[in-house]
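Remarks on the overall topology
These are the residues of each chain, in order.
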Amino acid sequence: METMKIFTTPTRAATLVHHYQPETRVSAISQFVSKSKSLGRPGSHPSPLMGSILRIGMALSLAAVCLPRAFSAIHPVPLDPKVDSAKCLECHEDKTKGTAVHSAIATGCLSCHQVRVNKDTTRVMLITATPYKLCLTCHGDKDATQIKGHVHQPAVRDCLTCHDPHTSANKNQLLKATSGEKKDNLCLTCHTQGTNVPDKGSRHAALDLGCDTCHTTHKTGADYTVENRFHLTKATPALCLDCHDAKDADLMKAHRNQPFGTANCLSCHDPHQSAAPKLMAKFQHPPFADKSCDMCHAPAKDGKVVLTQTDVRALCVTCHDDKAKQIENAKVQHPGAAGDCTDCHSPHASAQPGLPKTDAVNICTGCHTDIGDLGKKAHLHQPVFEQGCATCHEPHGGNNLHLLRAANPNPLCLECHGPDIKPQKLEKEHQVAIFDGKVKLPEDYFARVPLLPLKYGLGHPIDRHPVVDQVDPTNPEKVLVTLNCATCHQPHASAQPNLLVKDQAANAAFCDSCHKSVGLKQ
């Protein structure tokens, strides 16, 4: 007899005991494969139909071997099909004891498990196909498919990543505690916050109290707020003020006696760790970084912020006059840029370049919700949903349709995908720049970008296929066929790979939408 712990996702928390028996089925498959290969040797002529039958047979045989072990286990002793929980507890009484015992234990083992008897073999399995489906029979409110908002990734389909289904020494049947060193902390199994602080950096002391001091992992909501996105127990600054007193003399001095009790602490501070002292955000507005607060702020009056100019916009343009002129003179104007600069930008600091109040993606999709909804598709254009809309669009206004950085789709796309790209290296900033330095990207960005082998407007998706307008040879001014990247591709997202238009698959049917006169001959 051998004790075997199965680590497949559906039975991760179950230790199953079974009799070890040599499996003749596995050797049978190897023989089956050998025979199928022999059919392809010279002198044998298997038909396509026979090849398909062999492949299907192999798949079914593999399923017969693997599935029973993934979703069930042979019980070491025979059981009556009508066995009750009392019988189970004769051996598994330990599943009913512990600091945190699953409430379902009180309803009996057979509320989650079932016994199947076939001749002399007894198998024990779940009453559903997967543990996740079983959990949802009681915890329906945790069904990620029904939740609007950001769901903690392990909770999407695998409860056993974090929870023991029976009992645990930790609350909520967690596999580990939510505090302590990396080896003892459940959250640090996936997350690294607070574990790699630079020598001259800073670390939030609250991390030592446990992640659940600030976070509730299953908390979410349809509204795109910091509280929902990061599963916080409450919104900032209320969460921060549970520990930090806004009237503390040292804190008031550190904030230059400016009122901060109602400010969003996360606009300036990283809540976990930072490469700078005092948990300062990575990117800082120069006057703020230089502690030149009086450039923008007058002394506070009646507990309220007083600016050195009449309003926010007037204050910003004292330094950023070039942006004001761009907004005013743009041929294609961005309505969002006509308001206060702080509608989009943090005046002090941010986790990203350009000082967006949220991040480079969501600062745009907060208004452009139609683009945000595209993020639900299976295949996303990386610049859109990771780097931000300003990679391709001028956020303050421009001269091209849709505020694009180029007048035609091809020069826009080939700035990243062209064969002769030469991004400017910004070694001190660990970034690279494109579009004449206007757009900054991570230094490793182009390691993930496919380059197209184009020459003379030909070469994609196959050799000598054109990617530019096709003109009349007798009259170069006359365009016979308009052709560019946007003819075939969507710029934001698609339900299919390759981001083809109308969510189409990359197959002959797609090509036939243009090449109607070209038939595929069998």
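Just above, that's the structure.
What you are looking at is a predicted structure, and each value in this text was computed from that prediction instead of being measured.

**So, the pattern of salt bridges**
Applying the stated criterion to the full structure yields 15 salt bridges. The closest approach of N and O atoms between Lys-97 and Glu-93, which form a salt bridge, is 3.5 Å. Overall, the relative accessible area of 42% leaves Glu-93 in the partly exposed class. Its salt-bridge partner being Asp-208, residue Arg-203 comes within 3.0 Å of it at the nearest N-O pair. On the accessibility criterion, Arg-203 (38% relative accessible area) is partly exposed. Judged by relative accessible area, which is 52%, Asp-208 ranks as exposed.

**Describing helix α14 (residues 409–417)**
Inspection of α14 places Asn-410, Leu-412 and Cys-416 among the buried residues, and these make up the whole buried set. The arc enclosing the buried residues of α14, seen along the axis, measures out at 165 degrees, which places them on a common side. As for α14, its buried residues are in contact with β16 (431–434) and α15 (485–488). In this structure Asn-408 caps α14, since a side-chain oxygen of it lies 2.8 Å from the backbone nitrogen of Asn-410.

**Re unusual backbone geometry**
For the peptide bond that leads from Thr-236 to Pro-237, omega is 5 degrees, which places it in the cis range. The topology assignment puts Pro-237 in the loop between α5 (226–229) and α6 (238–241). Following His-460, the chain continues into Pro-461 via a peptide bond in cis, with omega recorded as 5 degrees. As for its position among the elements, Pro-461 is in the loop between β17 (439–442) and β18 (470–472). One non-glycine residue with positive phi stands out, namely Asn-257, at about 60 degrees. Relative to the elements of secondary structure, Asn-257 occurs in the loop between α7 (249–254) and β9 (273–274). Residue classification places Asn-257 among the exposed positions, given a relative accessible area of 55%. In the Ramachandran plot, Leu-499 falls in the positive-phi region, its phi being about 55 degrees despite a non-glycine side chain. Residue position: Leu-499 is located in the loop between β20 (493–494) and α16 (508–512).

Conventions used here
Every residue gets a number counted from 1 within its own chain, in the order that chain's sequence is written. This being a predicted model, a pLDDT of at least 70 is required before a residue's local features are given, and a value of 80 or more before pairs of side-chain atoms are given or counted; all residues contribute to the totals for chains, interfaces and linings. Remark: hydrogens and water are excluded; side-chain values derive from all non-hydrogen atoms of the structure. The salt bridge criterion pairs a side-chain nitrogen of Lys or Arg with a carboxyl oxygen of Asp or Glu, the two atoms within 4 Å. Relative accessibility decides the category of a residue: with a 1.4 Å probe and only protein chains considered, values under 20% of the type maximum give buried, values over 50% give exposed, and everything between is partly exposed. Only runs of H or I of at least four residues qualify as helices and only runs of E of at least two qualify as strands under DSSP, and these elements are numbered from the N terminus. By construction, the arc corresponds to the directions joining the helix axis to the C-beta atoms. For this analysis, residues touch if any pair of their heavy atoms sits within 4.5 Å. Any pair of N or O atoms that falls within 3.5 Å is considered a polar contact. Within protein, one atom must be able to donate a hydrogen and the other to accept it, and sequence-neighbouring residues count only if both atoms are side-chain atoms.

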